[in-house]
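# Observations on the model geometry
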Amino acid sequence: MKSVTKRRAAPQPDSEGGAQMLFVTLIILLSLVALSIPVAAALGILGLTLDQVYAPFPLYRAAGEIFWSVGTDFILAAIPMFILLGELLLRSGISTRMYSSIELWLGRMPGGLMHSNIAASALFAATSGSSVATAATVGTVAIPEGQRNGYNERLFLGTLAAGGTLGILIPPSINLIIYGVLTETSVPQLYLAGIFPGLALAGLFMATVAISCFLFPKWGGRTGQSGFMDRLRALKHLVPPLGIFLIVVGSIYAGFATPTEAAALGVMAALGLAAYHRRLNWQILRETLLGTMRTTAMVMLIILMAYFLNFILSAIGLTQQLTDFIASMGLTPFTTLLVIVAFYLIIGCFMETLSMMIATVPIIAPIIISLGYDPVWFGVLLMLLLETALITPPIGVNLYVVQGVRGRGAITDVIIGTLPFIATMFVMIALLLAWPGMATWLPQQFY
Amino acid sequence: MMKNIFLTFEKWTERLAEHAALAGGLLMLVCCFMVSAEILLRKLFNHSIGGADELTGYALGIATSWSFAYALACRANIRIDSLYMMLPLRFRGMVDLLALLAMGAVLVFATIFAIKVMNTTASFGSRANTPLQTPLIIPQALWVVGYVLSCLLLLSRIGRAATLLITGQTTQLHSLLAARTVEDEIRDETAGRPAAGQ
Amino acid sequence: ILTQKAQAEEYPETKLQVVGTWSHLSQFKNFEQPFWAEEIPAQSGGAITANVKGFNDMGLKGAEVVRLINSGALHFGSTVLGYLAADDPINEAIDLAGLSPTIETARSVTDAFRPVLAKRYEERYGIKLLGIWPYSAQVLFCNSPVNSLADLKGKKVRTANRTLAEFVEALGGTGVTMAFSEVVIGLQNNLLDCAITGTLSGYSAKWHEVSTHLYELPVGWSQVIHAVNIDVWNSLDAKVQSFLQTRIEDLENRIWTSAAEETIQGINCNTGAGECQYGDAAGMTFVPISDADRKLLSTILKETVLPVWAERCGADCTGQWNNTVGKVLDINAG
Ligand code: NA
Ligand code: NA
């Protein structure tokens with residue numbers, strides 16, 4: 001067969017070389033991203049460059065095998081399925097009806113619609129595997145309402161950007177599935193572990209709204225009026241999303257399906273609902289599928305390139321360098337954990353979350369586990385860190401999504417309105433560090 | 001003359017890209033049916049056909065690669081535009097061209113190595129290590145088709161961009177390559193398309 | 001110490017790239033990792049060093065390892081032989097379902113077939129075979145009473161390769177493919193009735209928490225091959241080559257010895273039959289092998305597993321098997 005091409009000797013990584021290597025990697029990545037090179041291409045080019053500079057042998061030849069084996073992983077088939085599920089729910093009008101129903105119940109609280117935004121995000125998160133989809137869907141429905149009712153616009157937008165992040169914490173979650181694949185952790189356990197922290201975070205977001213409106217009563221907007229019977233009748237609109245949640249998450253624990261299989265069942269249910277609401281014709285199906293595959297292709301290309309980069313990082317020894325470096329600092333396990341949390345909060349400002357997760361988890365998770373922390377618990381902590389990354393400027397995808405849906409004014413409105421919720425995220429992260437049982441208690445009851 | 005050739009080529013590759021993505025979407029939809037049927041059979045009749053997961057895995061690979069070209073045509077790939085938006089229009093054009101070439105380089109690289117995987121499989125006559133023993137050349141050949149299609153689309157884009165550049169049509173160049181603006185996003189969001197899978 | 005140092009100075013400075021097996025399993029943690037990271041540098045007086053990690057840490061699934069060694073993207077690498085069956089059925093030859101009911105048989109089968117594999121790898125992939133060693137005995141973990149092989153009829157059994165699937169199907173069961181990380185939920189929810197893995201691997205993955213019966217019958221050994229790209233090997237100094245060959249041979253013998261112990265440890269840890277050195281022993285029901293099942297296993301091997309594999313592998317491959325493994329076991333693959 002083929003012979004190995006001889007290359008010039010590469011600089012051998014020692015501790016100094018390791019720091020240099022890490023520095024070079026970050027500089028290349030940030031330059032590519034700042035140049036507005038598509039994220040997937042930036043990851044691929046970074047991988048190829050590091051291979052050329054640091055590897056004495058042709059690592060890039062592994063690319064095809066990696067693309068095939070990762071690209072055909074059954075577990076990752078959950079990604080297009082969840083995207084398809086979300087598109088079907090939005091197009092069948094289920095999201096709009098769900099929002100109106102929640103609005104009738106929560107509209108009279110101080111801060112009114114802003115509580116509805118968070119509750120609707122939490123409920124939609126229970127059917128959606130994605131934070132961006134959650135923010136986009138609830139935002140699409142909510143923003144026209146907020147503009148009618150005179151809320152403090154910035155805080156209102158903040159509830160949508162922050163509430164949307166619940167999408168990856170409350171199961172189902174594409175990111176928890178990918179974390180499970182990367183760390184060989186059980187996805188059903190991760191799902192269970194995400195439920196309480198997800199509800200707690202939603203509660204804290206609502207508390208943030210309540211406190212803000214208590215301090216600044218004018219922010220609260222007009223309160224809605226509705227009769228009790230109207231509200232009771234509106235409850236039926238919560239049935240479809242709860243039904244989808246039962247199918248996509250409940251079926252796993254009822255012994256019907258694995259997480260990916262459950263996503264397929266969810267698509268069937270959403271298809272049924274769309275048909276029931278007479279929103280299923282070839283034109284709509286065609287648009288739905290095209291939208292699904294457009295997003296899937298983009299997300300999968302990032303995943304494939306992130307896996308390729310991960311292979312290179314691991315093969316050139318950067319992974320080991322970083323692990324050794326952290327070990328050499330001689331910190332206590334808890335301090336190490338805090339350093340890692342700080343690391344994620346910082347890179348979360350500058351990186352897109354999916355590639356950030358795939359490029360870092362294979363390095364960080366083994367360190368955390370070797371320190372004696374529970375991988376399931378860390379999975380939940382990581383989701384909180386990714387959620388924070390989704391709303392921290394300058395690169396916070398949810399900020400852009402909400403601004404995109406809003407379609408006017410400046411992005412700074414969304415950024416400022418989201419700041420109180422970033423503080424809330426910090427509180428939540430501290431709570432999870434102080435009280436790991438919040439995540440681990442529920443899975444322990446089942447396993 | 002040159003311009004017309006590129007226009008026709010572009011029209012055809014774009015149409016092909018959309019059809020391929022639609023086929024990919026239908027393939028995933030079929031997989032949802034297949035997997036659901038498998039679950040029902042297993043639960044109701046304690047009977048398993050087996051292989052639904054394996055076939056869905058191949059379908060994911062194929063559907064994804066068949067949609068790469070469409071995602072490119074829609075300019076759907078995430079670009080971080082914080083600095084980009086601050087640039088004057090003519091510099092944006094250069095950055096856009098750079099982004100296109102970067103994407104092109106990565107996809108051509110991926111295509112070459114996807115073809116190598118397929119060739120190795122063909123020379124070994126590999127069959128899946130599962131009860132189905134699927135001849136792997138079938139899913140891998142279909143998978144490669146998607147990569148090749150994405151290269152064709154890129155080629156048409158680069159060709160068009162080059163002609164626009166030579167003829168000095170900067171406005172058209174911008175609308176061909178620019179990063180998706182907030183306005184583009186709204187159009188998609190209000191049409192009900194969640195933007196990304198994070 | 002002095003003699004060691006004197007010896008060590010003979011080796012030129014060499015840096016090796018090594019990819020090992022699953023990094024969370026005991027084989028990597030107890031053998032491969034310390035071997036490359038500590039023993040080799042120490043025994044070569046620091047001249048030979050290695051960067052070693054499990055293939056899963058690089059985002060690989062194991063089946064790509066040989067193709068990647070062949071292409072030069074990886075240098076030294078280990079992977080489970082059975083994972084390679086897709087590219088070449090000859091990889092199944094020494095781990096066919098039911099071929100080796102004891103570890104002694106597994107070792108003699110492996111040794112007998114080794115020259116055939118070595119030749120095949122050198123000619124077909126440009127790869128030098130350095131060692132073959134096993135995981136612990138591959139046994140059945142079931143979540144309902146299974147007292148004999150006949151009880152597998154109608155059951156859904158997760159298998160990691162096609163020869164085991166064929167074995168399960170010959171008994172009237174269904175072979176199911178499922179990711180290793182999903183097996184726990186599969187067993188718990190009755191998506192699966194049984195799953196096959198090494199006794200100790202199953203304990204590490206907590207299968208004992210979701211299954212009730214451990215059937216002792218080893219249906220396989222999940223042998224691992226360790227190999228190197230031939231050009232990389234040829235570029236090494238001759239002294240380094242012979243040093244590595246001796247050390248790897250020693251590693252191989254140690255892993256074979258420990259596999260017998262790990263098998264027993266796995267049984268002890270899952271069932272509490274004896275002292276468990278890896279944690280708290282679980283309370284699975286231990287199902288010993290009956291003579292009838294030993295006979296049945298051998299019958300299925302001869303009547304189903306071997307003929308099906310022989311057809312896959314072709315006349316040449318089967319002939320070589322008959323001349324080596326066949327002679328050791330006194331059977332013919334047809
Ligand atoms: Na969710
Ligand atoms: Na951010």
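Note that this is a predicted model, so its numbers are computed, not measured.

Thresholds applied
- Residues numbered from 1 in each chain as written.
- Chains lettered and ligands numbered in written order.
- Predicted model: local features only at pLDDT ≥ 70, side-chain atom pairs only at ≥ 80, totals over all residues.
- Heavy atoms only, no water.
- Helix = DSSP H or I, 4+ residues; strand = E, 2+ residues; numbered from the N terminus.
- Rg over C-alpha atoms; globule rule 2.2 N^0.38 Å.
- Buried < 20%, exposed > 50% of the residue type's maximum accessible area, 1.4 Å probe, protein only.
- Contact = heavy atoms within 4.5 Å.
- Areas by Shrake-Rupley, 256 points an atom, 1.4 Å probe, with all protein chains shown as cover.
- Lys, Arg positive; Asp, Glu negative; His and termini not counted.
- Charge placed at Lys NZ, Arg CZ, Asp CG, Glu CD.
- Buried area = accessible area lost by both parts, 1.4 Å probe.
- Salt bridge = Lys/Arg side-chain N within 4 Å of Asp/Glu carboxyl O.
- Polar contact = N/O pair within 3.5 Å; in protein donor to acceptor, adjacent residues only side chain to side chain.
- Pairing = 2+ DSSP bridges.
- Axes fitted to C-alpha atoms, helices over the stretch in contact; angles between N-to-C directions.
- Donors = N, O, S within 2.8 Å, 3.2 Å for Na, K, Ca; no water.
- Disulfide = S-S within 2.5 Å.
- Right-handed = clockwise from strand over helix to strand, strands pointing away.
- Expected span 1.5 Å × (residues − 1).

### Here we look at the overall build of chain A
For chain A, the helix and strand inventory stands at 21 helices and zero strands. In terms of overall dimensions, chain A is globule-like: its C-alpha atoms have a radius of gyration of 23 Å, near the 22 Å expected for 447 residues. In terms of overall dimensions, chain A has C-alpha extents of about 80 × 50 × 45 Å along its principal axes. Counting across all 447 residues of chain A, residues that qualify as buried make up 65%. The long-range fraction of contacts in chain A, counting pairs at least 24 apart against all pairs at least 6 apart in sequence, stands at 79%. When the accessible surface of chain A is summed, it comes to about 14,700 Å², and 69% of that surface belongs to carbon and sulfur atoms. One way to put it: in chain A the 21 positive side-chain charges average out to a point 13 Å from where the 18 negative ones average out.

### Some points on the overall build of chain B
Each helix and strand in chain B was counted, giving six helices and zero strands. Listing every helix and strand of chain B by position from the N terminus yields α-α-α-α-α-α. For chain B, with 198 residues in total, the buried portion stands at 55%. Contacts spanning at least 24 positions in sequence make up 72% of the contacts within chain B whose residues lie at least 6 apart. Surface accessibility of chain B: about 8,700 Å² in total, with carbon and sulfur atoms responsible for 71%.

### Notes on the interface of chain B and chain A
In this complex, chain B contributes 66 residues to the contact, which on the side of chain A involves 81 residues. Between chain B and chain A lies a buried interface of about 6,600 Å² when both sides are counted; carbon and sulfur atoms form 76% of it. Our count for the chain B to chain A interface comes out at two salt bridges. Salt-bridge contacts for Arg286(A) lead to Glu18(B); the nearest nitrogen and oxygen are separated by 2.3 Å. For the pair chain B and chain A, the interface holds four residue pairs in polar contact (both at pLDDT 80 or more).

### Considerations on the sheet that holds strand β2 (residues 48-54) of chain C
All names here are of chain C. A sheet is described by the order of its strands in space; here five strands give the open sequence β2-β1-β3-β10-β4, paired in mixed fashion. This sheet does not close on itself; its edge strands, each paired only once, are β2 and β4 (127-133). For this sheet, the mean inter-axis angle between neighbouring strands, taken without regard to orientation, is 20°. Relative to strand β3 (residues 76-80), strand β1 (residues 14-20) runs parallel, the two sharing two bridges. Bridge pairing in β3 links Val 18 to Phe 76. Relative to the sheet, helix α9 (residues 238-271) contacts β1, β2, β3, β4 and β10 (224-229), its axis offset from that of β4 by approximately 30°.

### Considering the coordination of the sodium ion (ligand 1)
Around a metal, the ideal angle is 109.5 degrees if four donors adopt a tetrahedral arrangement and 90 or 180 degrees if six donors adopt an octahedral arrangement. Residues and elements named next belong to chain A. With distances of 2.2 to 2.4 Å, the protein atoms coordinating the sodium ion (ligand 1) are Ala 125 (O), Ser 128 (O), Gly 167 (O), Ile 170 (O) and Pro 172 (O). Between the donor residues of the sodium ion (ligand 1), the gaps in sequence give the motif A-x2-S-x38-G-x2-I-x1-P. One end of the pair, Ser 128, is in the loop between α6 (113-125) and α7 (131-149); the other, Gly 167, is in the loop between α8 (153-164) and α9 (174-183), with 39 residues separating them in the sequence. Relative accessible area serves as the criterion here: at 5%, Ser 128 is assigned to the buried category. By relative accessible area, which is 0% here, Gly 167 ends up buried.

### Structural notes on the state of the cysteines
All told, the structure shown has three disulfides over all chains when counted by the stated rule. Each sulfur in the disulfide pair Cys269(C) and Cys276(C) lies 2.0 Å from the other. Between Cys269(C) and Cys276(C), the disulfide has an S-S torsion of 95° and is therefore right-handed. Classification of Cys269(C) as buried rests on a relative accessible area of 0%. Assessed through its relative accessible area of 14%, Cys276(C) is described here as buried. Residue pairing for Cys313(C): its cysteine sulfur links by disulfide to Cys317(C), the two sulfurs lying 1.9 Å apart. Between Cys313(C) and Cys317(C), the S-S dihedral sits near 75°, and the bridge is therefore right-handed. The cysteine Cys32(B) is free of any disulfide, with Cys31(B) supplying the nearest cysteine sulfur at 7.1 Å.

### So, the sheet that holds strand β6 (residues 156-158) of chain C
Residue and element names in this part refer to chain C. An order of β7-β6-β8-β5-β9-β11 is seen for the six strands of this open sheet, with the pairing classed as mixed. Strand pairing shows two members of the sheet lacking a second neighbour, β7 (174-176) and β11 (285-287), which therefore form its edges. In this sheet, adjacent strand axes meet at a mean angle of 30° when their direction is disregarded. Summarising the sheet, β6 and β7 pair through three bridges and their orientation is parallel. Directly across from Lys 156, in β7, lies its bridge partner Thr 174. Against the sheet, helix α5 (residues 162-170) contacts β6, β7, β8 (194-198) and β9 (213-220), and its axis sits at roughly 155° relative to β7.

### A look at the environment of Ile196(C)
Residue and element names in this part refer to chain C. Mapped onto the secondary structure, Ile 196 falls in strand β8. With a relative accessible area of 3%, Ile 196 lands in the buried category. Between the C-alpha atom of Ile 196 and that of Gly 59, which follows or precedes it by 137 residues, the distance is 23 Å.

### A closer look at the interface of chain B and chain C
Taken together, the contacts link 17 residues of chain B with 22 residues of chain C. Here chain B and chain C share an interface that buries about 1,600 Å² over both sides, 47% of which is from carbon and sulfur atoms. The largest share of the area that chain B buries against chain C comes from Phe124(B), Asn129(B) and Pro131(B), three residues that together contribute 42% of it. At the boundary of chain B and chain C, one finds zero salt bridges.

### Digging into unusual backbone geometry
All names here are of chain A. Residues Pro 171 and Pro 172 are joined by a peptide bond in cis, for which omega reads 0°. Along the chain, Pro 172 falls in the loop between α8 and α9. In this structure, Ser 36 takes a positive phi of about 70° despite not being glycine. Here Ser 36 shows up in the loop between α1 (15-34) and α2 (39-54). On the basis of relative accessibility, which here comes to 0%, the residue Ser 36 falls in the buried class.

### Section: the pairing of β2(C)
Residue and element names in this part refer to chain C. Most of β2 is tucked away, with six of its seven residues classed as buried. Across seven bridges, the pairing between β1 and β2 is parallel. By the bridge assignment, Thr 14 is partnered in β2 with Ile 48. Taking the sense of rotation as the criterion, the β-α-β connection linking β1, helix α2 (residues 26-43) and β2 turns out right-handed.

### Remarks on α8(A)
Residues and elements named next belong to chain A. Taking 1.5 Å per residue as the helical rise, α8 with its twelve residues ought to reach 16 Å, and the 17 Å between its terminal C-alpha atoms agrees with that figure. Of all twelve residues in α8, ten are buried; the element is thus mostly enclosed. The set of residues buried in α8 consists of Leu 155, Phe 156, Leu 157, Gly 158, Thr 159, Leu 160, Ala 161, Ala 162, Gly 163 and Gly 164. At the N-terminal end of α8, a side-chain oxygen is found 3.1 Å from the backbone nitrogen of Arg 154, two or three residues along, and the residue is Asn 152.

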